[in-house]
Amino acid sequence: MEEKQYFLLLNERLKKEIIALPNKKKERLREKFAYLENGIWDAGVRVKKLKGPSGKVIFEARINKGDRLIFTLGRSGNQTYIYLWGAIRHDDVDTTARKIIPDNAPFLDFEPLEGETFKELFIDELPDTMYTQESIEEKVSEDYGPQKWLDISDEREWKRLLAKKHPDFFEIFLYMTGEQQQVLDQNPPLLLSGTAGSGKTTIAVYYLLKRAHQDKSILFLTCSGYL
């Protein structure tokens, strides 16, 4: 069985916006994201290389007549990660554009040094210079702050997005992804490293709730004041 090559990571800011959308619009987005999961965008893309020390390349992909999806590309081994940062939405009444982007990602507002437009985008055909996003496991550059990402390549996550009507209710329960379950199934001791929002706490909670631990006293140590 061929290993999946493309992974879609949804930014926390955009996730909250999508949760609040009507289901029809969510389903439409899901259809568009399905193209990205296969390395394709079929509705026109503006590619811009930005000013700044990192030289980030961002993609503004057309969703419909007025709205655009903002993403960057990164690689880890033979896998491609598509970071869905935000969107540019036009008001239904007039042509006013509203940017839906994280507050701590100023590079998304940098002026472009150069740009080009593609009628269709085939990610496999892009040069290496367009893969400018660091892996979530690497130290990030100074043009943005910590981010939370949701892996929406997993169909179960989309079912959750469709089921919720309000962003505040989405995070009440801790859900395990397939990758997190694989980590949980490993025998300890285990060193787990990841950025904020990558699921470290979720794995720890499920580990403590294992049936083998139910009749035992367990000490959980952390330097996190929040936890």
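Look above for the structure.
Residues numbered from 1 in each chain as written. Predicted model: local features only at pLDDT ≥ 70, side-chain atom pairs only at ≥ 80, totals over all residues. Heavy atoms only, no water.

Asker: Please explain the overall build of the protein as it appears in this structure.
Answerer: Tallying secondary structure elements over the protein gives 5 helices and 10 strands in all. Within the protein, buried positions represent 39% of all 227 residues. Considering only contacts within the protein whose residues lie at least 6 apart along the sequence, 60% involve residues at least 24 apart. When the accessible area of the protein is evaluated, it comes to approximately 14300 Å², of which 52% is carbon and sulfur surface. (Helix = DSSP H or I, 4+ residues; strand = E, 2+ residues; numbered from the N terminus. Buried < 20%, exposed > 50% of the residue type's maximum accessible area, 1.4 Å probe, protein only. Contact = heavy atoms within 4.5 Å. Areas by Shrake-Rupley, 256 points an atom, 1.4 Å probe, with all protein chains shown as cover.)

Asker: Can you help me understand the side chain of E134 in this one?
Answerer: Topologically, E134 is positioned in the loop between strand 9 (121–122) and strand 10 (149–151). Among the residues examined, E134 registers a relative accessible area of 15% and is labelled buried. There is a polar contact of 3.4 Å between the side chain of E134 and the side chain of K56. Within the structure, E134 has its side chain in polar contact with the side chain of Y144 (distance 2.9 Å). (Polar contact = N/O pair within 3.5 Å; in protein donor to acceptor, adjacent residues only side chain to side chain.)

Asker: It is not clear to me how the environment of H213 should be interpreted in this structure. Could you clarify?
Answerer: Note on placement: H213 falls in the segment after helix 5 (200–208). In this structure H213 comes out as buried when scored by relative accessible area, which is 15%. Beyond its immediate stretch of four places on either side in the chain, H213 contacts Y207, L208 and I218.

Asker: What should I look at first to understand the pattern of salt bridges in this one?
Answerer: When charged atoms on two side chains of opposite charge get close, those side chains can pair. All chains considered together, the criterion is met by 11 salt bridges. Between E17 and R98 there is a salt bridge, and its shortest N-O distance comes to 3.0 Å. Taken together, the residues E17 in helix 1 (residues 12–19) and R98 in strand 7 (residues 97–100) connect sequence positions 81 residues apart. Given a relative accessible area of 41%, R98 falls into the partly exposed group. Each of R13, E17, R89 and R98 takes part in one network of salt bridges that share partners. (Salt bridge = Lys/Arg side-chain N within 4 Å of Asp/Glu carboxyl O.)

Asker: Please clarify how the side chain of R30 should be interpreted in this entry.
Answerer: Its location among the elements puts R30 in helix 2 (residues 23–36). The contact partners of R30, leaving out residues within four places of it in the chain, are E37, E155 and W158.

Asker: Help me out: how do you make sense of the pairing of strand 6 (residues 79–90) in this one?
Answerer: The side chains of a regular strand alternate, first on one face of the sheet and then on the other. Along strand 6, 10 of the 12 residues are buried, which leaves the element largely enclosed by surrounding structure. Looking at chain direction, strand 1 (residues 6–11) and strand 6 are connected through 5 bridges and run parallel. Across the sheet, residue Y6 finds its bridge partner in strand 6, namely T80. Across 9 bridges, strand 5 (residues 68–76) lies against strand 6 in antiparallel orientation. Across the sheet, the residue bridging to F71 is L84, located in strand 6. Between strand 5 and strand 6, which pair antiparallel and follow one another directly, the connecting turn spans 2 residues, one of which, G77, has a positive phi of 65°. Bridging between strand 6 and strand 7 involves 4 bridges; their strand directions are antiparallel. (Pairing = 2+ DSSP bridges.)

Asker: Could you clarify how one ought to interpret the nonpolar core in this entry?
Answerer: One recurring pattern in soluble globular proteins: nonpolar side chains tend to sit buried together. One finds F33, L36, F59, L69, F71 and L84 to be the most contacted residues of the largest nonpolar core, which totals 32 residues. If you look at the next biggest cluster of nonpolar residues, it comprises 15 residues, including I70, I88, F107 and Y144. (Core = buried A, V, L, I, M, F, W, Y, C linked by side-chain atoms within 4.5 Å.)

Asker: Sorry, what's going on with a nonpolar patch on the surface here?
Answerer: On the surface, a cluster of nonpolar side chains totalling about 250 Å² of accessible area is made up of V205, Y206 and L209. Looking at the secondary structure, you find L209 in the segment after helix 5. When its relative accessible area of 60% is taken as the criterion, L209 is described as exposed. (Patch = residues over 30% accessible without salt bridge, like charges linked within 9 Å, V, L, I, M, F, W, Y side chains within 5 Å.)

Asker: Would you mind showing me how to read helix 3 (residues 155–163) here?
Answerer: Taken as a whole, helix 3 has its buried residues at E157, W158, R160 and L161. Buried residues of helix 3, seen end-on, are gathered within an arc of 155° and therefore sit on one face of the element. The exposed set on the far side of helix 3, more than 90 degrees from its buried face, consists of K159 and A163. (Arc of directions from axis to C-beta.)

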